[in-house]
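# Report on the structure
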Amino acid sequence: MAVIQTRNLTYMYPTATKPAIRDVSIKIEKGEFVLITGPSGCGKTTLCRCFNGLIPHFYQGEINGEITVAGLNILEHPTSELAKHVGLVFQNPENQLFALSVEKDVAFGLENLGYPREKMQKRVDWALNLTGIYELRERAPHELSGGQQQRVAIASVLAMQPEIMVLDEPTSFLDPLTAKKIFEVIYELNNTLGITVVLVEHRLDLTAQYSNHIIIMNQGKVVLDGEPREILSSKETRLIGVGIPKATRLYQILKEDDGVKLGKKIPLSSEEMTKLLREVIKT
Amino acid sequence: MSVFDGLKFRRVYSPIHNLDPRIKFIYVCAIFVIAIMFGELLPLIILFTFQIPFVLLAGVKREWIRSMRGAAFLATIIFLTNFVFAYLGARGIGQSLENAVAMTLRFIVLIESFSIFFLTTSPDHLGLALEQTHVPYEFTFAFTTAVRFVPVLAEEAQTIMDAQKARGLELERGNFLKRIRNYIPILIPLIVSAIRRSLELAEAMESRAWGATKKRTNLYVLKMHKGDFILIAITIGILAVAIYIRLYLPIPSINQLLANIN
Ligand SMILES: Nc1ncnc2c1ncn2[C@@H]1O[C@H](COP(=O)(O)OP(=O)(O)OP(=O)(O)O)[C@@H](O)[C@H]1O
Ligand SMILES: [Mg+2]
C-alpha cells in the first residue's frame, strides 16, 4: 500500500514566476527507505513541504495535481493533523528547537496533541533512548553540539510516532562521522520500527546502502525513480551531477572501460565493494 | 562575546531555586507589603537581614551583590532627598537621618526581594508558572522563545558586526547622526535573518502539531513540595507578626534606644 502518492503535482510559490516542482508523480510504499537527491534548487525541500501540508497551507501559492499522504488528501487536512502521520525534520537544527530543555522540546508535539502526562513522559523517554540522548534530557538544546541538536530534532518528531519520517538534509551542518551516526539512527528506525523514511541527501556515499528506493530530481522534475543499484549505475544519473557513491562508480569504470565484472550485485558502499574484492582475490 | 554572557541563563539547583515560583512570588509580595507598612528603621533592618539567609541558601551571593550595587545610585538619591526634606521640615539631625535611612532601606528591601525572585527563578520555571496560572499559552511560549533566542541573536549581531567591520565599515566615525546611520548595515542583515529564523521556527512548530487541540497538556507540572509549604508558613508567620506589631506595639526609634543606653 502506498503511504505517499502524488499525481502530476505542480506547485508555484506565491512570489515565483515558474513552478518549483512540476508534474511530480511518485509512489512511496510503506516501510521503504527512500532517498531523494538532485542538484541544489531542484525542488527537494519544496516536495518535502508538500508531504505534511506546509505547502499549500503555510506557504499558500498555487498547487495543482493530487497528493495523498497516509491515506489523507493534504489539501483537506491541516498540517497539525498531518503531523500525527508525517514527521518533518529540517536542515538547520538550531531553528527547530525552541524549548529550554531537551525533554521539553521532545514533548512539544505531544503537548500540542493533548497527551496525558504519564503517557507523554513514557513516549519522551522512549524517543530519547532510541536516539541515544537520554543523558542530555535536562540540558538546554542551544547549548548542545550540532550532532546532538539534530538528534533532539529527530527525537522530537519521533516522539509523535509518525508512520512516515521525512528528513530534509538533516546532516548538512555536521561532519561526516557525526553524519554517519545520524544515518545509522535513521536506518534503525526504518529497520526495526518499520517507519517509512524519506531522506533528502547529497551524501550518497553514506546513505545509498540503506535505501531501497531512490528518486532523482532535476529542475523541479523527477527524472529517475526506482531501484538504487540500477539508478546509481546509470549514465543519466552521472550526467545530472549526482554524487554517486565511490564504490558504485569504481564498479562502473571497471565494467565499462576494462570489461571487468565483479560479482552480480552492484556495490553501494565501500563495505560492499570490499566484500566483492575479497571474493575476487580469493578465487 | 563576554558582553553577551549576561544574557544567557544558567541552570542552577538549590533549595530556593526549586521552590514553586508562584509561592516565591507571593512571598515577595508579602515582603513588599510589610516594607510599605513600616516607616520605622528598626523593623526595616530586621526585614532586610531576614532575607539574607535566602541569598546564601540559593548560592547567588555574587549576582545579588551586583544587583544591589546597581541599585546604589537610586538609593543615594532617595537618601539625600529624604534627608534634605526632613531637615528642612525642621526635625533634628538625628531624627532626619534615621528617617532618611529608613526610607532608603525600604527601597533596598524591595529591590532585595525582587532580585532574589528573579535570580533564583529559571525562565522555564517562570514560563511554567505563568502557564499554570492560566496565562494564555501563546504568551508563555513567546516568553520562553524570547529567552531562548535573545542570546542567539546577540551572537549573530556580533558576527555581523565583525563581518561588516572586516569589509571596512567604521562604526565609531562621524557625528551623532552619522554614527546611528553607521549601524544600518548591521541592522538590516540582522532583521532579515531574524525574520528568516522566525519563519523556520513557525514551520517547525506547524510540523509538530501546533494548535492541534484547544486542550494543550504539559510535560511538567508544578507540584508543591515541603519547601513550598515551609515558605507559605514563613510568609503567613511574618505577615501575622508584622500586622500584630503594627497594630499593638509601639516601635522605638533607634535614637530613643541610643538615648536609653546612655
Ligand atoms: N519560500 C520560497 N519562496 C519562493 N521561492 C522559493 C522558496 N523556497 C524555495 N523557492 C524556490 O523553489 C525552487 C526549489 O527550491 P528548493 O528549496 O525546493 O530546492 P532544494 O532542492 O531543496 O535545494 P537545496 O539542495 O539547495 O536545498 C528554487 O528555485 C527556489 O528558489
Ligand atoms: Mg533544500
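Please read these numbers as outputs of a predicted model, since none were measured by experiment. (Residues numbered from 1 in each chain as written. Chains lettered and ligands numbered in written order. Predicted model: local features only at pLDDT ≥ 70, side-chain atom pairs only at ≥ 80, totals over all residues. Heavy atoms only, no water.)

### Thoughts on the overall build of chain A
A count of helices and strands for chain A gives twelve helices and eleven strands. Relative to the globule expectation of 19 Å for 283 residues, the C-alpha radius of gyration of chain A, 20 Å, shows essentially globular dimensions. The principal-axis extents of the C-alpha atoms in chain A amount to approximately 65 × 45 × 35 Å. Summed over all atoms, the accessible surface of chain A reaches about 12200 Å², with 50% contributed by carbon and sulfur. Between the centroid of the 32 positive side chains of chain A and the centroid of its 34 negative side chains there is a distance of 4 Å. (Helix = DSSP H or I, 4+ residues; strand = E, 2+ residues; numbered from the N terminus. Rg over C-alpha atoms; globule rule 2.2 N^0.38 Å. Areas by Shrake-Rupley, 256 points an atom, 1.4 Å probe, with all protein chains shown as cover. Lys, Arg positive; Asp, Glu negative; His and termini not counted. Charge placed at Lys NZ, Arg CZ, Asp CG, Glu CD.)

### Concerning the domain arrangement of chain B
Residue and element names in this part refer to chain B. On domain assignment, one finds that chain B holds domain 1 (15-121 + 224-261) and domain 2 (126-207). The gap between the C-alpha centroids of domain 1 and domain 2 is 37 Å. Each partner contributes to the interface: domain 1 provides five residues, whereas domain 2 provides four residues. Of the roughly 340 Å² buried where domain 1 meets domain 2, counting both sides, 77% is carbon and sulfur surface. In terms of surface lost to domain 2, no three residues of domain 1 exceed Pro21, Arg22 and Thr121, which account for 82% of the buried area on that side. Where domain 1 packs against domain 2, one counts zero salt bridges. Our enumeration of links across domain 1 and domain 2 arrives at zero residue pairs in polar contact (both at pLDDT 80 or more). Of all the secondary-structure elements, those providing two or more residues to the side of domain 1 that touches domain 2 are α1 (21-37) and α6 (93-119). (Domains from an automatic or database assignment. Contact = heavy atoms within 4.5 Å. Buried area = accessible area lost by both parts, 1.4 Å probe. Salt bridge = Lys/Arg side-chain N within 4 Å of Asp/Glu carboxyl O. Polar contact = N/O pair within 3.5 Å; in protein donor to acceptor, adjacent residues only side chain to side chain.)

### Focus on the site of ligand 1
Residue and element names in this part refer to chain A. Surveying the vicinity of ligand 1 reveals 14 residues, the closest of which are Ser40, Gly41, Lys44, Thr45 and Thr46. At 2.8 Å from an oxygen atom of ligand 1 is found a side-chain nitrogen or oxygen belonging to Lys44. Across the complex, the protein chains shield 65% of the 630 Å² of accessible surface that ligand 1 would expose by itself. Considered class by class, the residues forming the shell around ligand 1 number four nonpolar, seven polar and three charged. (Near = heavy atom within 4 Å. Nonpolar A, V, L, I, M, F, W, Y, C, P; charged D, E, K, R; others polar.)

### Focus: the sheet that holds strand β9 (residues 196-200) of chain A
Residue and element names in this part refer to chain A. Read across the sheet, six strands follow the order β7-β8-β9-β4-β10-β11 without closing on themselves; strand pairing throughout is mixed. Whereas interior strands pair on both sides, the edge strands pair on one side only; in this sheet they are β7 (86-89) and β11 (221-226). The sheet shows a mean angle of 15° between the axes of neighbouring strands, direction not considered. Sheet topology places strand β4 (residues 33-37) next to β9; four bridges connect them, and they run parallel. Within the sheet, the bridge partner assigned to Ile36 lies in β9 and is Val200. (Pairing = 2+ DSSP bridges. Axes fitted to C-alpha atoms, helices over the stretch in contact; angles between N-to-C directions.)

### Some words on the packing of helix α11 (residues 246-258) of chain A against helix α12 (residues 270-282) of chain A
Residues and elements named next belong to chain A. As a packed pair, α11 and α12 sit with axes 8 Å apart at the nearest point and diverge in direction by 40°. Regarding the angle of α11 to α12, the classification is oblique. Residues Ala247, Leu250 and Tyr251 of α11 pack against Ser270, Met273 and Leu276 of α12. Taken together, the residues of the contact of α11 with α12 break down into five nonpolar, one polar and no charged. (Parallel < 35°, antiparallel > 145°, perpendicular 65-115°, else oblique.)

### Thoughts on the side chain of Lys44 of chain A
All names here are of chain A. Here Lys44 shows up in helix α1 (residues 44-51). Buried and without a salt bridge, Lys44 has Glu169 as its closest oppositely charged side chain, separated by 4.5 Å. Engagement of the side chain of Lys44 in a polar contact is seen with the backbone oxygen of Gly38, the distance being 3.1 Å. Contacts of Lys44, omitting those with residues within four sequence positions, involve Ile36, Thr37, Gly38, Pro39, Glu169, Val200, His202 and Met217. (Buried < 20%, exposed > 50% of the residue type's maximum accessible area, 1.4 Å probe, protein only.)

### Some thoughts on a nonpolar patch on the surface
All names here are of chain B. Taken together, the side chains of Tyr183, Ile184, Leu187, Ile188, Ile191, Val192, Ile195 and Leu199 define a hydrophobic patch exposed on the protein surface, amounting to about 720 Å² of accessible area. By secondary structure assignment, the location of Tyr183 is in the loop between α9 (176-182) and α10 (184-207). Judged by its relative accessible area of 33%, Tyr183 falls in the partly exposed class. (Patch = residues over 30% accessible without salt bridge, like charges linked within 9 Å, V, L, I, M, F, W, Y side chains within 5 Å.)

### Structural notes on the nonpolar core
Residues and elements named next belong to chain A. Among the nonpolar cores identified, the biggest contains 50 residues, and Val106, Ile154, Met165, Leu167, Ile186 and Leu199 are the most heavily contacted of them. If one sorts the elements of this core by residue count, helix α6 (residues 146-158) sits on top with six residues. Other than its neighbours up to four places away in sequence, Ile154 contacts Val89, Thr131, Met165, Leu167, Ile182, Ile186 and Leu189. Counting 45 residues, the second-largest nonpolar core is a separate cluster that includes Ile21, Leu72, Val86 and Ile164. (Core = buried A, V, L, I, M, F, W, Y, C linked by side-chain atoms within 4.5 Å.)

### Regarding the packing of aromatic side chains
Inspection of the entire model under this criterion finds 20 aromatic pairs over all chains. On the numbers, 5.6 Å between centres and 70° between planes, the contact of Phe98 of chain A with Phe141 of chain B is edge-to-face. Linking Phe98 of chain A in the loop between β7 and α4 (102-112) with Phe141 of chain B in helix α8 (residues 137-166), this pair reaches from one chain into another. According to the relative accessible area criterion, Phe98 of chain A is buried, its value standing at 1%. Relative accessible area serves as the criterion here: at 9%, Phe141 of chain B is assigned to the buried category. Here Tyr244 of chain B and Tyr248 of chain B contribute two aromatic rings whose centre-to-centre distance is 5.3 Å and whose plane-to-plane angle is 45°, an arrangement assigned as tilted. Taken together, the positions of Tyr244 of chain B and Tyr248 of chain B, both in helix α11 (residues 226-248) and four residues apart, correspond to about one turn of that helix. The lysine or arginine in question, Arg148 of chain B, covers the ring of Phe149 of chain B, its NZ or CZ lying 4.2 Å from the ring centre. (Phe/Tyr/Trp six-rings, centres within 6.5 Å; stacked < 30°, edge-to-face > 60°. Lys NZ or Arg CZ within 6 Å of the ring centre and 35° of its normal.)

### Some points on unusual backbone geometry
Residues and elements named next belong to chain A. Residue Pro56 is reached from Ile55 by a cis peptide bond, and omega for that bond is 10°. Relative to the helices and strands, Pro56 is located in helix α2 (residues 54-58). Unusually for a residue other than glycine, Glu169 sits at a positive phi of about 40°. Relative to the assigned elements, Glu169 resides in the loop between β8 (164-168) and α7 (176-193). Phi is positive for Gln219, which is not a glycine, with a value near 50°. Within the fold, Gln219 resides in the loop between β10 (213-218) and β11.

### Some points on the pairing of β9 of chain A
All names here are of chain A. Burial runs high along β9: five of the five residues are buried. Burial of the side chains of β9 extends over both faces: Thr196, Val198 and Val200 are buried on one face and Val197 and Leu199 on the other. Note: β8 against β9, five bridges, orientation parallel. Directly across from Met165, in β9, lies its bridge partner Val197.

### Notes on the pattern of salt bridges
All told, the structure shown has 13 salt bridges over all chains when counted by the stated rule. With a shortest N-O distance of 3.1 Å, Glu40 of chain B and Arg246 of chain B are connected by a salt bridge. In this pair, Glu40 of chain B is assigned in the loop between α1 and α2 (41-50) and Arg246 of chain B in helix α11, connecting sequence segments 206 residues apart. On the basis of relative accessibility, which here comes to 30%, the residue Arg246 of chain B falls in the partly exposed class. When salt bridges that share partners are traced, they join Glu94 of chain A together with Glu156 and Arg197 of chain B into one network.

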